[in-house]
Amino acid sequence: ELDESQLPDADVTVAVDYSTVNYKDALAITGRAPIVRRWPMVPGIDFAGTVQASPDARYKMGARVVLNGWGVGENHWGGLAPLACVPGDFLIALPSPLSTRQAMAIGTAGYTAMLSVLALERAGLRPEDGPVLVTGANGGVGSFAVALLARRGFQVEAATGRPQEAERLRRLGAGEIIDRGALSEPGKPLQKERWAGAVDSVGGHTLANVCASLRYGGVATACGLAQSRDLPATVTPFILRGVSLLGVDSVMAPRARREQAWARLAAELDAAMIEAIAAREVGLEQVPELALELLQGRVKGRVVVNPSM
């Protein structure tokens, strides 16, 4: 239990309506990786809520705001609590028509997926160029990436280790389901040309095999390391096929890019699609158990955390 007087000194106090548990949160909560940089720490790398007090002219009392990243939950108290106090620069106004619950159903996962899609667009990838692969497709980033790419008219192929969830992925827009085992082991440095693009949240041998299987001029984004932070690849596909690998950072992304991503999410995701990806809601007491489930790969889609439950 923490007292309100213990909140860190910062500009804006936000009543947290909803948060969520991301892979990084799960690592911090379980102690599986040295995520937390100072103690004590309130975890939760994102939240959405209502401004309670603010000397910052950009945020009036009652304004709806969303936060993703900026080291929150690592070196600044995060969103898994009823209140948060953060610098105004960490926040952006939540665009209509999204509710604060929908914002955390989307969360950093959906925001990262949109950053990845925007990166593919900036690289010039178009639906007519060929199919796009999404790895880790049953996770939060993967689920939203499938839905967002399909909405844009891309032929989406989804790689997952949970074939029992194939029908769910097809409802989100995937046309073909691939067993992740076909990508997760060491492969040849140059393989059959399969995909024009890819969104990868897995890393390791999976990302290496994806790069080796891109079509000439293809492009992949890297935004996660669920399998490994290593990249056991060669330069062969980059030189012989002119492929590109784009890093996607959601933590320190500049404000303009964040606002663009959230505006597109608000415009392109309807309530039914968001609920299909994030239908489960839990309270704070269930978060430690949820963190373990997430690391064990037993969580599908997104889970919303309601601090007032």
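Keep in mind the model is a prediction, meaning the values are calculated, not measured.

Thresholds applied
Residues numbered from 1 in each chain as written. Predicted model: local features only at pLDDT ≥ 70, side-chain atom pairs only at ≥ 80, totals over all residues. Heavy atoms only, no water. Phe/Tyr/Trp six-rings, centres within 6.5 Å; stacked < 30°, edge-to-face > 60°. Helix = DSSP H or I, 4+ residues; strand = E, 2+ residues; numbered from the N terminus. Buried < 20%, exposed > 50% of the residue type's maximum accessible area, 1.4 Å probe, protein only. Expected span 1.5 Å × (residues − 1). Bend = angle between axes of the 7 residues up to and from the residue. Core = buried A, V, L, I, M, F, W, Y, C linked by side-chain atoms within 4.5 Å. Contact = heavy atoms within 4.5 Å. Axes fitted to C-alpha atoms, helices over the stretch in contact; angles between N-to-C directions. Left-handed = near helix turned anticlockwise from the far one by under 90°. Nonpolar A, V, L, I, M, F, W, Y, C, P; charged D, E, K, R; others polar. Polar contact = N/O pair within 3.5 Å; in protein donor to acceptor, adjacent residues only side chain to side chain.

Time to look at the packing of aromatic side chains. The final tally for this structure, using the stated rule, is two aromatic pairs. With centroids separated by 6.4 Å and ring planes inclined at 15°, the aromatic side chains of Tyr 111 and Trp 262 adopt a geometry described as stacked. With a gap of 151 residues between them, Tyr 111 in helix H2 (residues 100-122) and Trp 262 in helix H7 (residues 255-268) connect regions that are remote in the sequence. Exposure remark for Tyr 111: the relative accessible area of 0% places this residue in the buried category.

All right, on to H2 then. With 23 residues, H2 ought to run about 33 Å at 1.5 Å a step, yet its terminal C-alpha atoms sit only 29 Å apart, falling short of that. Along H2, the sharpest change in direction is near 65° and occurs at Gly 107. Buried residues dominate H2, accounting for 20 of its 23 residues. In the segment just after H2, Gly 124 is the residue with positive phi, at about 95°.

With that settled, consider the nonpolar core. Val 66, Ile 106, Val 134, Val 146, Leu 149, Trp 262 and Leu 265 are the most contacted members of the largest nonpolar core, which has 51 residues in total. The set of elements that each furnish at least two residues to this core consists of H2, strand S6 (132-134), helix H3 (140-151), strand S7 (156-160), helix H4 (166-172), strand S9 (195-200), H7 and helix H8 (271-277). With 13 residues, H2 is the single largest residue contributor to this core. Apart from the residues lying within four places of it in its own chain, the contact partners of Ile 106 are Leu 98, Tyr 111, Phe 144, Trp 262, Leu 265, Leu 269, Ile 274 and Arg 302.

Another point: the packing of helix H1 (residues 23-30) against helix H9 (residues 287-295). The interhelical angle for the contact between H1 and H9, taken along N-to-C directions, is 115°, at an axis separation of 9 Å. Pair H1 / H9 crosses with left-handed handedness. From H1, Tyr 23, Ala 26, Leu 27, Ile 29 and Thr 30 reach across to H9, where they touch Val 287, Pro 288, Ala 291, Leu 292, Leu 294 and Leu 295. Residue classes in the contact of H1 with H9 are distributed as ten nonpolar, one polar and no charged.

On the secondary structure map, Leu 125 appears in the loop between H2 and S6. Residue class for Leu 125 comes out buried when judged on its relative accessible area of 9%. The sequence separation of Leu 125 and Thr 160 amounts to 35 residues, and the corresponding C-alpha distance is 23 Å. Every residue in contact with Leu 125, bar those within four places of it in the chain, is listed here: Leu 120, Val 132, Phe 154, Ala 196, Gly 197 and Val 219.

In this section: the side chain of Thr 108. Along the chain, Thr 108 falls in helix H2. Judged by its relative accessible area of 7%, Thr 108 falls in the buried class. Side chain to side chain, Thr 108 and Asn 68 meet in a polar contact 3.1 Å long. Apart from the residues lying within four places of it in its own chain, the contact partners of Thr 108 are Asn 22, Ile 45, Asp 46, Asn 68, Ser 250 and Arg 302.

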